[in-house]
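What follows is each chain in one-letter form.
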Amino acid sequence: MTIWRIVLLPALLLPALSTSMAPAQAEVAPKRVLVELRKQGGFAGLNDRVVVYGSGCVRLSRRTGPTIDKCLTAKEERKLRGYLRHLKIGRSQRPPQGADFIKYTLAYDKRRASVYDVPSTWRPVVRELDKIMEKYWAPD
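What you see is a predicted model; the values in this text were computed from it and never measured.

A. Molecular detail of the state of the cysteines. If you walk through the whole model with that rule in mind, you get one disulfide. A sulfur-sulfur separation of 1.9 Å characterises the disulfide bridge that pairs Cys57 with Cys71. Taking the sign of the S-S torsion, 70° for the link of Cys57 and Cys71, the bridge is right-handed. On the criterion of sequence distance, the pair formed by Cys57 in strand β3 (residues 57-61) and Cys71 in strand β4 (residues 68-71) is long-range, its members being 14 residues apart.

Printed below as a string of structure tokens:
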């Protein structure tokens with residue numbers, strides 16, 4: 001009789017526990033991405049990523065080191081949003097012949113493109129996101 005209790009008790013408790021945890025997981029809403037920049041390639045093997053969420057917070061990561069989550073100041077967020085108003089994503093460029101090229105991939109407003117020569121409308125955005133990366137990303 002005790003063997004049945006050992007076998008039956010976990011079988012009855014598992015569904016009850018899983019249904020009680022489902023509402024807590026459903027309440028977590030996904031974060032809306034405002035803009036994302038990836039810099040990849042080169043002889044050094046760059047793999048930098050800056051993701052800015054609609055809330056004004058950022059997630060920074062590099063090929064090595066930790067992933068950092070920070071929030072921008074109001075001034076930084078206003079400046080970035082101002083640059084984004086003038087951004088034109090356009091089409092992706094073909095990879096150039098040779099080596100040691102850096103690929104920039106920018107995603108904004110449901111559009112994504114990868115380039116090797118940064119277009120003029122991208123420059124202020126890329127420069128601002130690079131500043132954010134340098135300011136907030138620091139290895140421990």
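B. Examining the pairing of β3 more closely. As judged from the four bridges shared by strand β2 (residues 46-53) and β3, these two strands associate in the antiparallel manner. Following the sheet pairing, Val52 is matched in β3 by Val58. Connecting β2 to the antiparallel partner β3 that follows it, the hairpin turn spans three residues, and Gly56 within it adopts a positive phi of roughly 95°. Sheet topology note: the β3/β4 ladder contains four bridges and is antiparallel. Residue pairing in the sheet places Cys57 in a bridge with Cys71 of β4.

Thresholds applied
Residues numbered from 1 in each chain as written. Predicted model: local features only at pLDDT ≥ 70, side-chain atom pairs only at ≥ 80, totals over all residues. Heavy atoms only, no water. Disulfide = S-S within 2.5 Å. Helix = DSSP H or I, 4+ residues; strand = E, 2+ residues; numbered from the N terminus. Pairing = 2+ DSSP bridges.

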